[in-house]
Amino acid sequence: MCEPVDANTDYVLLHTHAGGSVLASAHVDRKLAGHIAKASGAPVLVLDFRRAPEHKYPAQVDDAEAAFNWLLSEGYEPGNIITIGHSIGGFIAVALPLRLRDKKQPLPGAIVSISPWCDLEIANETIATNARTDKILSKELLEFFRDAWIGGTGIEFTDTRINLNRADLSGLPPTLVSWGTYEVLAGEDEEFAARVKNAGIDTTTVVVPGGQHSYVYGAGRVPEADAAIAQIGTWVREKTKI
């Protein structure tokens, strides 16, 4: 748990890290989560979900749901929990509320989805057009992650459980979607944000010019990343009344 001084502990952000389901951990994200916690004025619980290929889908969403339920058991109101994450964590930040909605269970108060992996078809045009500017992700790496995550499960790339740009997005709480213009996922993230808005959801976008995939890794070192995190923190405070 990252808890800044004078944090409003009635609220909490449930944070899921990047890594395509295969790489990284809660430890990798603790620093950037601390910056997000300070900007939003609330503690951040950084989830160390199980990783593929040993633990394929839906293990990661299962772990996020377990963490959400644990927070409820600790006395947090559902509406005082904000789901947040980047890359595959940005997917999980949305996939969990969709699962809760389908179960007719209480939803978090808001969603922050940063550089989300939205389209497992890996078909958006920016996969190719941003190939030279994205220094972190590539089509080949995404294909590797995809196989590690859902290979052998029988799940199709278009399955609405794992493809946000095919899913029914109705009924979500206020949602902020953010991405960098240099990343290969920029096109699918822009499409996702439009689909959220078209579903009638209170939607905000934070687009970082020249931003790399998971630009939040630059927290505390890259002014553009810090400016975007400040915007996200202000939005969280406004939507949840922290």
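The numbers attached to residues start from 1 for each chain and follow its sequence in the written order. Only residues with pLDDT of 70 or above have their local features reported here, since the model is predicted, and side-chain atom pairs are shown and tallied only from 80 upward, although totals for entire chains, interfaces and linings are computed over all residues. Side-chain metrics in this entry use all non-hydrogen atoms of the structure; hydrogen atoms and water are not considered.

### Overview of unusual backbone geometry
- For the peptide bond that leads from Ala 52 to Pro 53, omega is 5°, which places it in the cis range.
- Only runs of H or I of at least four residues qualify as helices and only runs of E of at least two qualify as strands under DSSP, and these elements are numbered from the N terminus. By the element assignment, Pro 53 lies in the loop between β2 (44-47) and α2 (59-73).
- A cis amide bond, omega 15°, links Tyr 57 with the succeeding residue Pro 58.
- One can find Pro 58 in the loop between β2 and α2.

### A look at the layout of surface pockets
- In this analysis a 1.4 Å probe is tested at points of a 1 Å grid over the protein atoms alone, and where it fits but cannot get out there is a cavity; an open set with protein on both sides within 12 Å along at least five of seven lines is a pocket; lining residues have an atom within 4 Å of a point. Grid points are joined across faces, edges and corners, and a volume is the space filled by probe spheres set on the points. When its volume is computed, the largest pocket comes out at roughly 180 Å³.
- The wall of the largest pocket is formed by Tyr 57, Val 61, Phe 91, Ala 95, Leu 98, Arg 99, Arg 101, Asp 102, Thr 160, Arg 161, Ala 167 and Asp 168.
- At 6 residues, the largest contribution of residues to the lining of the largest pocket is made by helix α3 (residues 88-102).
- Residues were grouped as follows: Ala, Val, Leu, Ile, Met, Phe, Trp, Tyr, Cys and Pro as nonpolar; Asp, Glu, Lys and Arg as charged; and all remaining residues, including Gly, as polar. Tallied by class, residues from the lining of the largest pocket come to 6 nonpolar, 1 polar and 5 charged.

### A closer look at the sheet that holds β2
- Paired strands, as defined in this entry, are two strands with at least two bridges between them according to DSSP. Spatially, 6 strands are ordered β2-β1-β3-β4-β5-β6 in an open sheet, and the strand pairing comes out parallel. Two strands lie at the open edges of the sheet, namely β2 and β6 (203-208), each paired on one side alone. Averaged over all pairs of adjacent strands, the angle between strand axes in this sheet comes to 15°, irrespective of strand direction.
- Pairing of strand β1 (residues 12-16) with strand β3 (residues 81-86) involves 5 bridges; the strand directions are parallel. Along β3, the bridge assignment pairs Leu 13 with Ile 82.
- Each of β1, β2 and β3 touches helix α1 (residues 26-40); the most contacted strand, β2, lies at about 160° to it. Lines fitted to C-alpha atoms define the axes here, with helix axes fitted over just the stretch in contact, and angles between the N-to-C directions of these axes take values from 0 to 180 degrees. By the convention used here, residues are in contact when the closest approach between their heavy atoms is within 4.5 Å.

### Focus: the nonpolar core
- Nonpolar cores were defined as sets of buried Ala, Val, Leu, Ile, Met, Phe, Trp, Tyr and Cys residues, with membership established by side-chain atoms within 4.5 Å. For the exposure calls, accessible area comes from a 1.4 Å probe over protein chains only, and a residue counts as buried if that area is under 20% of its type's maximum, exposed if over 50%, partly exposed in between. Leu 14, Phe 91, Trp 117, Leu 142, Trp 149 and Phe 192 are the most contacted members of the largest nonpolar core, which totals 51 residues.
- Counting residues per element, the ones that place at least two in this core are β1, β2, α2, α3, α5 (139-150), β5 (175-180) and α6 (186-198).
- Here the element with the most residues in this core is α3; it accounts for 9 residues.
- When near neighbours in sequence (up to four residues on either side) are disregarded, Leu 142 contacts Trp 117, Ile 122, Ile 127, Leu 137, Val 184 and Leu 185.
- Formed by 29 residues, the second largest nonpolar core is a distinct cluster that contains Val 44, Val 46, Tyr 215 and Ile 229.

### So, the pattern of salt bridges
- Salt bridge criterion: a side-chain nitrogen from Lys or Arg within 4 Å of a carboxyl oxygen from Asp or Glu. As enumerated under the stated definition, the model contains 9 salt bridges in all.
- One salt bridge in this structure joins Arg 51 and Asp 48, with 3.2 Å as the shortest N-O distance.
- The closest approach of N and O atoms between Lys 103 and Glu 65, which form a salt bridge, is 2.7 Å. A residue pair is termed long-range when its members are at least 10 positions apart, and Lys 103 in the loop between α3 and β4 (110-114) and Glu 65 in helix α2 qualify at 38 residues.
- Here the salt bridges do not stand alone but share partners, grouping Asp 62, Glu 65, Arg 99 and Lys 103 into one network.

### Quick notes on helix α7 (residues 223-240)
- Take the residue count of a helix, subtract one, and multiply by 1.5 Å to get its expected span. For α7, built from 18 residues, the straight-helix expectation of 26 Å at 1.5 Å per residue is met to within 8% by its first-to-last C-alpha distance of 26 Å.
- Buried residues of α7: Ala 225, Ala 228, Ile 229, Ile 232, Gly 233, Trp 235, Val 236 and Thr 240, and no others. Seen from one end, α7 has its buried residues packed into an arc of 160°, which puts them on one side.
- Contacts made by the buried residues of α7 are with α1, β3, β4, β5 and β6. Each direction from the helix axis to a C-beta atom contributes to the arc, which is the arc of those directions.

### Quick look at the side chain of Asn 124
- Note on placement: Asn 124 falls in the loop between β4 and α4 (126-129).
- Pairs of N or O atoms are called polar contacts if they sit within 3.5 Å, as long as, within protein, a hydrogen donor faces a hydrogen acceptor (for residues adjacent in sequence, only side-chain-to-side-chain pairs). Polar side-chain contacts of Asn 124 include one of 3.1 Å to the backbone nitrogen of Thr 126.
- Among all residues touching Asn 124, those that are not within four sequence positions of it are Asp 119, Gly 187, Glu 188 and Glu 191.

Geometric descriptors of this kind do not, in isolation, establish any biological role.
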